[in-house]
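# Coordinates in review
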Amino acid sequence: MKHLLLICCILVYGTVHAQDFHALTSPVINPDGTVTFRIKAPEAESVEVKGQFMSGRTPLVKDADGIWSATVKPAKADIYPYHFIINGVAVADPGNALLFPNENFKSSLLEIPDREALYTINAVPHGKVHYCSYKSHVLNQYRNVLIYTPAEYDINTSERYPVFYLVSGTTDTEETWMKAGRANTILDNLIARGKAKPMIIVMPYGYMNGGTPGPSTPGVAHMYGTFARELTECVMPYVDGNFRTIPDREHRAIAGFSRGGGQSMFTALKHIDKFAWLGSYSAYLNNEVMDKYFPDLVDDAKRLNMLWFGVGTGDFLYKDVVRNQQYFDEKGIKYQNVTTKDSHTWMHARFCLAETLQLLFKNAVEKNGKYPGMTTDDGSLPGFTIYRPSDLKTTVEREGRLPVLVFGNGACSHYSGDYVPMFAEMVANGYIVIAVGSKDGSNDVPTTNQDDNLLDAVDWICRQNVTQWSDYYGMVDIFHIAAAGHSCGGAQAMAASYDPRITTTILFNAGMGDMEMGGATPKSLKELHAPILYLIGGPEDVAHSNALVDFERINHVPVASANYPVGHAGTYKQPQGGILGKVALMWLDWQLKEKSAASGFFINAEFRNKNYPGCTFTSKGLKKNN
């Protein structure tokens, strides 16, 4: 009995003790974009927060319960290191599980949500990060390395992949590019958007056990040389022996941030037979090292498919990076350079990574011709017809992940056959179209405007994109989805366009005016958040006046209107969808595929008048980057 009482006392004490020291949730992202930091420290005399989202420090205020708090407004969404300073001592935020991997003090990480940001985890196929250990004969120890494999790696078991060696900076660990740099998430999102090729990323530990000499000192070359041996003699054989790589220089890249950038430059230029792609983020090699170790630099650099520099004017290494670039200039060596206003931060490193990932290994596939299409349906998406390229894999390899158009029919009917010529042209140019009903009229039943929710099609294709056994797995650009429809179907599109996944809206011979139709009302215009295009059939089009009213009312998003005097039926049964179908495709190419050549109709009156006479056009808020 005494033992039982003792155990109960210990449990009660432990519960109270745990409650006394329970960490508060911190930081808290507020609806207005501000961020509140909190920490319970009743005995503290002063608490401050310091982070890379602000200058200086911000004091926290203590309440009666000993909870300190402060609310700040970061300039923009990103991921920022920060920490508390309690009575003059720097500490991480105990309420935040996100820590910055570092050899020394570990800051906390403030992640401000942004759906469009590449660092945000989205509903796309996700790769894996493998924690691995290998034996280093160069350093005579076992070392850790992180290796990312793309989502398709475990599915396409006969495929081999190019390899990108990504090196972090001074005091960083092998985890920093994943946890602070979000390399895996950034590449997942870029692959899903069709902007990067699937590849393996290898993240080694850059510290070579002998200290880190300054990049301007002569002795730094010894550290660079040790790293080059470590990578080429130990890391690369391990990776090629345990993963399905393409083990040649054309399919091998290297880049790094800060110290890792210097290590990457030295390694690639010293082993030009092993690397064809090189990136340097906020880093340089001094002239003495360049002169001594790379006597054949001019010839060797010509063999690189990419030589890329990224640095910010606020970086303390900016002038040194510029001097290094001048060294290449004097020798007539061409390179790519991106200069921002950033400083020496991981926000800048993530930017550089995203830029170079979109360049790597891109010379293997050339676009050629159009893509034959097919029509299908799916039992898991009743009431819709899917128009898509016949060979999704080949189309994606050449075109990138495929944008989607969800479409409502005229009269809100279940018959989409009238639009097949236009849909076929869209599919031939690398789109997936999902339309309400069938194309043969077998389900031609007018609706009450409430049953055909185009967002059902959006939900379905997003699920298919992350379902491994689906034909659409990893094939869809879920960041570029258009809602569209003809007449009553245009109202259905308007009703769906509040959804943040809708990138643009097209109303074919439709307008709300003061009507309620297809699940939409005039208030739906206020819920638009992305550019919208009206395609109108001239004064004889019954939607003409409503479309004009809508145009006048919309002032918070870019709006455009193309008017071609053919009446309410439009031109969609004509080959390629006729004039209005071609305008719709150009809009999609501009808005969803970011093809600048497709913007001519909308921003160049001379081009429009010459190629589309009789088609009048007006717009508000339309810019070249819309």
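Residues numbered from 1 in each chain as written. Predicted model: local features only at pLDDT ≥ 70, side-chain atom pairs only at ≥ 80, totals over all residues. Heavy atoms only, no water.

### Section: unusual backbone geometry
Here is the rule we go by: A run of H or I in DSSP counts as a helix once it spans at least four residues, and a run of E counts as a strand once it spans at least two, with each numbered from the N terminus.
The omega angle of the peptide bond from serine 26 to proline 27 is -5 degrees, so this bond is cis rather than trans. With respect to the helices and strands, proline 27 occurs in the loop between helix H1 (2-20) and strand S1 (28-29).

### Thoughts on the packing of helix H3 (residues 183-192) against helix H9 (residues 346-357)
Put simply, the rule is: Interaxial angle, 0 to 180 degrees, is taken between N-to-C directions of lines fitted to C-alpha atoms, where a helix line uses only the stretch in contact. A clockwise turn of the near helix away from the far one marks a right-handed crossing, whereas an anticlockwise turn of less than a right angle marks a left-handed crossing. Should any heavy atoms of two residues lie within 4.5 Å, those residues are considered in contact. For this classification, Asp, Glu, Lys and Arg are treated as charged, while Ala, Val, Leu, Ile, Met, Phe, Trp, Tyr, Cys and Pro are nonpolar and the rest, including Gly, are polar.
Their axes nearest at 10 Å, the elements H3 and H9 cross at an angle of 40 degrees. Seen from above, H3 lies across H9 with right-handed handedness. Across the interface between the two elements, Ala183, Ile186, Leu187 and Leu190 from H3 touch Arg350, Leu353, Ala354 and Leu357 from H9. A class-by-class count of the residues in the contact of H3 with H9 yields 7 nonpolar, no polar and 1 charged.

### Observations regarding the nonpolar core
Operational definition: For the purposes of this section, nonpolar cores are sets of buried Ala, Val, Leu, Ile, Met, Phe, Trp, Tyr and Cys residues that join through side-chain atoms within 4.5 Å. Residue exposure (1.4 Å probe, protein chains only): buried if accessible area is under 20% of the type maximum, exposed if over 50%, otherwise partly exposed.
Ranked by internal contacts, the top residues of the largest apolar core, which has 50 residues, are Tyr165 and Val202. With 11 residues, the single largest contributor to this core is helix H4 (residues 220-242). Once residues within four sequence positions are removed from consideration, tyrosine 165 is found in contact with Val202, Leu231, Val235, Met236, Val239, Arg252, Ala253, Ile254, Ala255 and Phe275. By size, the runner-up hydrophobic cluster in this structure holds 38 residues, among which are Ala117, Tyr119, Leu146 and Ala180.

### Things to note about helix H14 (residues 544-553)
Counted only if it meets this: The directions considered for the arc run from the helix axis to the C-beta atoms.
Residues His544, Asn546, Ala547, Asp550 and Phe551 constitute the buried set of H14. Angular distribution of buried residues about the axis of H14 spans 165 degrees; they occupy a single face of the element. Buried residues along H14 sit in contact with strand S24 (532-536), strand S25 (559-563) and strand S26 (616-620).

### A short note on the environment of histidine 529
Selection rule: N or O atoms within 3.5 Å of each other form a polar contact, as long as, within protein, one can give a hydrogen and the other can take it, and as long as residues adjacent in sequence are counted only when both atoms are side-chain atoms.
Take histidine 529: it is sitting in the loop between strand S23 (502-508) and S24. In this structure the C-alpha to C-alpha distance between histidine 529 and alanine 301, which are 228 residues apart in sequence, comes to 46 Å. Once residues lying within four places of it in the same chain are set aside, the contact partners of histidine 529 are Ser497, Tyr498, Asp499, Pro500, Ile502 and Val557. A polar contact is formed between the side chain of histidine 529 and the backbone oxygen of isoleucine 502, at a distance of 3.4 Å.

### Quick notes on the side chain of aspartate 477
Let me state the cut-off plainly: Under the counting rule used here, the positive set is Lys and Arg, the negative set is Asp and Glu, and His together with the chain ends is not counted. By salt bridge we mean one thing: a side-chain nitrogen of Lys or Arg within 4 Å of a carboxyl oxygen of Asp or Glu.
Looking at the secondary structure, you find aspartate 477 in strand S22 (residues 476-486). Notably, aspartate 477 is buried but unbridged: the nearest opposite-charge side chain belongs to arginine 193, and the N-O separation is 5.6 Å. Residue contacts for aspartate 477: discarding those within four places in its chain leaves Ala192, Arg193, Arg401, Leu402, Pro403 and Leu592.

### Observations regarding the packing of aromatic side chains
Note the threshold: To pair, rings of Phe, Tyr and Trp, with the six-membered ring standing in for Trp, must have centres within 6.5 Å; the planes then decide the type, stacked if under 30 degrees apart, edge-to-face if over 60, and tilted in the middle.
In total, this model carries 39 aromatic pairs according to the counting rule given. Here tyrosine 224 and phenylalanine 266 contribute two aromatic rings whose centre-to-centre distance is 5.7 Å and whose plane-to-plane angle is 35 degrees, an arrangement assigned as tilted. In this pair, tyrosine 224 sits in helix H4 while phenylalanine 266 sits in helix H5 (residues 259-270), placing the two residues 42 residues apart along the sequence. Neither tyrosine 224 nor phenylalanine 266 differs from the other in exposure class; each is buried. An angle of 65 degrees between the planes, with centres 5.6 Å apart, marks the rings of phenylalanine 309 and phenylalanine 328 as edge-to-face. Within this pair, whereas phenylalanine 309 is found in strand S16 (residues 306-312), its partner phenylalanine 328 is found in helix H8 (residues 318-330), the two being separated by 19 residues in sequence. You'll find phenylalanine 309 and phenylalanine 328 in the same group, each marked buried.

### Concerning the sheet that holds S1
We count it as follows: Should DSSP find at least two bridges between two strands, the strands are regarded as paired.
Strand order in the open sheet formed by 4 strands is S1-S2-S6-S5, with antiparallel pairing between adjacent strands. Each of the sheet's edge strands pairs with one partner strand only, and the pair in question is S1 and strand S5 (61-62). Sheet topology places S5 next to strand S6 (residues 67-72); 2 bridges connect them, and they run antiparallel. When the sheet's bridge partners are listed, lysine 62 is paired in S6 with tryptophan 68.

### Some thoughts on the pairing of S22
We count it as follows: By convention, orient the strands away from the viewer: a clockwise path from the first strand over the helix to the second makes the crossover right-handed.
With 11 of 11 residues buried, S22 lies mostly within the body of the structure. Relative to S23, S22 is paired through 6 bridges, and the arrangement is parallel. Counterpart to alanine 483 in the pairing with S23 is threonine 505. Crossover handedness for the path S22 to helix H13 (residues 488-496) to S23: right-handed.

### Considering the pattern of salt bridges
The tally for this structure, following the rule as stated, stands at 20 salt bridges. Note that glutamate 116 is salt-bridged to arginine 115, the shortest N-O span being 3.3 Å. The class for arginine 115 is partly exposed, based on a relative accessible area of 28%. In this structure, the salt-bridge partner of arginine 249 is glutamate 250, at a minimum N-O distance of 3.3 Å. Taking relative accessible area as the criterion, arginine 249 reaches 12% and is therefore assigned buried.

### Quick notes on the state of the cysteines
Put simply, the rule reads: Criterion for a disulfide: a pair of cysteine sulfur atoms within 2.5 Å.
All chains considered together, the criterion is met by 1 disulfide. Here cysteine 412 pairs with cysteine 488 through a disulfide, and the sulfurs are 1.8 Å apart. As the torsion about the S-S bond is roughly -80 degrees, the cysteine 412-cysteine 488 disulfide counts as left-handed. Placement of the pair is cysteine 412 in the loop between strand S20 (402-408) and helix H11 (420-428) and cysteine 488 in helix H13, with a sequence separation of 76 residues. In this pair, the class of cysteine 412 matches that of cysteine 488, namely buried.

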